[in-house]
Amino acid sequence: MNPLNELIVRTLPFVPKKVIRHFASRYIAGEKLEDAISVVKKLNEQKKLATIDVLGENITSESEAIEALNTYKLVLNTIKENNLNSDLSIKLTQLGLKLDYDFCYSNVEELVKLAKQLNNIVEIDMEDSSTTEATLKIYKELRSKYDNVGVAIQAYLKRSESDIKSLLPLKPRIRLCKGIYIEPETIAFKRKELINHNFKHLLNILLQSDAYTCIATHDEELINEAYRLIAEYNLTDDKFEFQMLLGVRPELGNRIVSDGHKLRIYVPFGEHWYAYSMRRFRENPQIAGYVFKSIFTR
Ligand code: FAD
């Protein structure tokens, strides 16, 4: 980490919570499900799809996992009742991945089954590299039974090409993103040029395959490359969509929509917004830089 970023990250815990909240409010729908629902309604009015995420990860007891499972079920039912165009994004460590594999699998299967009944989709986020193997195992097992489940793949991981190739026979739904966690150089590309190079390479593989590809980035260089490949392979929108985070580069998102492409916005909500924001700032000092910029340019 460069010294400036290190300084920023070390200073963040001393920034008043209400300042962090002010900053985070752009990126987080709010604390309650109603907050997420009203954000999704607005996005749908702008012809944007959504994926709702309930903040939280790394729970330490089965009761917390069951609580998260019940909240996710409520989210799926509420999406249906309100006739919203939104799917669900989940983190496996919130559903017990670090407690017990089978317990986690059955929680996720319950959600995917409910989503299937409601004609919806569950997207599995990819967390840090200690969870990659188990996450892909759960995904493969589920995908062999259900067609309404997706998984994220991180372009910064050196293993991702071989992971994608092992998933392709399942006609997977894959969200390709750069990756947000701090990983060692032995397993991950660290420099932006290398991550972008791998992202483009993986995107090229995905867009030529039977996968449904979710292109999750705000990086114009990568979005331009996606546009190029989509034109080159003459792809229709049943093969891909773009995805962005709530509050990040909305003008770029508007352009994607006005170009006639599908765009899905990741909408996180929940009481754990402070811990989530701080973790993300620590994990990605570049984001911490945005906090400081927003504090000093208000
Ligand atoms: P960057 O080079 O980081 O950003 C490009 C430009 O976008 C920046 O120059 C800046 O202008 C802007 N920007 C990016 N982030 C922010 C921000 N927070 N605030 C303000 N401006 C910003 N990662 C995982 O590890 N696992 C996941 O499951 C996962 N799911 C994701 C789902 C979606 C829908 C998206 C969009 C991202 C997801 N990510 C996930 C995060 C992803 O891996 C990246 O860390 C993140 O998207 C930033 O990378 P970028 O491709 O936008 O490129």
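Residues numbered from 1 in each chain as written. Predicted model: local features only at pLDDT ≥ 70, side-chain atom pairs only at ≥ 80, totals over all residues.

- Taking an unreviewed UniProt entry as the reference, the protein chain is identified by name as proline dehydrogenase belonging to Kryptobacter tengchongensis.
- Listed under Pathway (unreviewed entry) in UniProt, the entry text for the protein chain is "Amino-acid degradation; L-proline degradation into L-glutamate; L-glutamate from L-proline: step 1/2."
- Taken directly from UniProt, the Catalytic activity (unreviewed entry) text for the protein chain runs: "L-proline + a quinone = (S)-1-pyrroline-5-carboxylate + a quinol + H(+)". (UniProt positions renumbered as here; feature names shortened; annotations may be inferred.)

A look at the site of the ligand
Logical step 1: Looking at the ligand, there are 23 residues lining it, with Asp125, Ala152, Cys177, Thr217 and His218 nearest.
Logical step 2: At the level of secondary structure, the elements contributing two or more residues to the shell around the ligand comprise β4 (149-154), β5 (173-177), β7 (240-245) and α12 (285-296).
Logical step 3: Among the residues making up the shell around the ligand, the classes are represented as 12 nonpolar, six polar and five charged. (Near = placed C-beta within 6 Å. Helix = DSSP H or I, 4+ residues; strand = E, 2+ residues; numbered from the N terminus. Nonpolar A, V, L, I, M, F, W, Y, C, P; charged D, E, K, R; others polar.)

As for the environment of Ile124
Logical step 1: Turning to its location among the elements, Ile124 is positioned in strand β3 (residues 122-124).
Logical step 2: Ile124 gets classed as buried once you count the C-beta atoms within 10 Å, which come to 25.
Logical step 3: Sequence spacing of Ile124 and Tyr139 is 15 residues, and the spatial spacing of their C-alpha atoms is 7.9 Å.
Logical step 4: If we ignore the near neighbours within four places in the chain, the residues touching Ile124 are Ile90, Leu92, Thr135, Tyr139, Val149, Gly150, Val151 and Ala152. (Buried ≥ 20, exposed ≤ 12 C-beta atoms within 10 Å, placed from the backbone. Contact = placed C-beta atoms within 7 Å.)

Examining the pairing of β7
Logical step 1: The sheet contact formed by strand β6 (residues 212-216) and β7 spans four bridges and is parallel. Bridge pairing links Cys214 to Glu241 in β7.
Logical step 2: On the question of chirality, the crossover connecting β6 to the parallel β7 by way of helix α9 (residues 220-232) is right-handed.
Logical step 3: Of the strand pairs in this sheet, β7 and strand β8 (residues 263-269) are connected by four bridges, and their pairing is parallel. (Pairing = 2+ DSSP bridges. Right-handed = clockwise from strand over helix to strand, strands pointing away.)

Some remarks on the sheet that holds β6
Logical step 1: Here we have eight strands rolled up into a closed barrel, ordered β1-β2-β3-β4-β5-β6-β7-β8, and parallel in their pairing. Between one strand axis and the next, the sheet turns by 30° as a mean value, whatever way the strands run.
Logical step 2: Of the strand pairs in this sheet, strand β1 (residues 49-54) and strand β2 (residues 86-90) are connected by four bridges, and their pairing is parallel. Across the sheet, Thr51 pairs through a bridge with Asp87, a residue of β2.
Logical step 3: Taken strand by strand, helix α6 (residues 132-143) contacts β3 and β4, and its axis lies near 150° from that of β4.
Logical step 4: Here helix α7 (residues 160-167) sits on the sheet and contacts β4 and β5; the angle it forms with β4, its principal contact strand, is near 160°. (Axes fitted to C-alpha atoms, helices over the stretch in contact; angles between N-to-C directions.)

Examining unusual backbone geometry
Logical step 1: In this model, Asn119 sits at a positive phi of 60°, which is unusual for a non-glycine residue.
Logical step 2: Here Asn119 is to be found in the loop between α5 (101-117) and β3.
Logical step 3: The exposed category is assigned to Asn119, around which 8 C-beta atoms lie within 10 Å.
Logical step 4: Even without a glycine there, the phi angle at Lys171 is positive, about 50°.

Description of the confidence of the model for the protein chain
Logical step 1: Averaged over the protein chain, the pLDDT score is 92; the fraction of residues at 70 or greater is 92%.
Logical step 2: In the model output, the complex is listed with pTM 0.93 alongside ipTM 0.98. (pLDDT = per-residue confidence, 0-100.)

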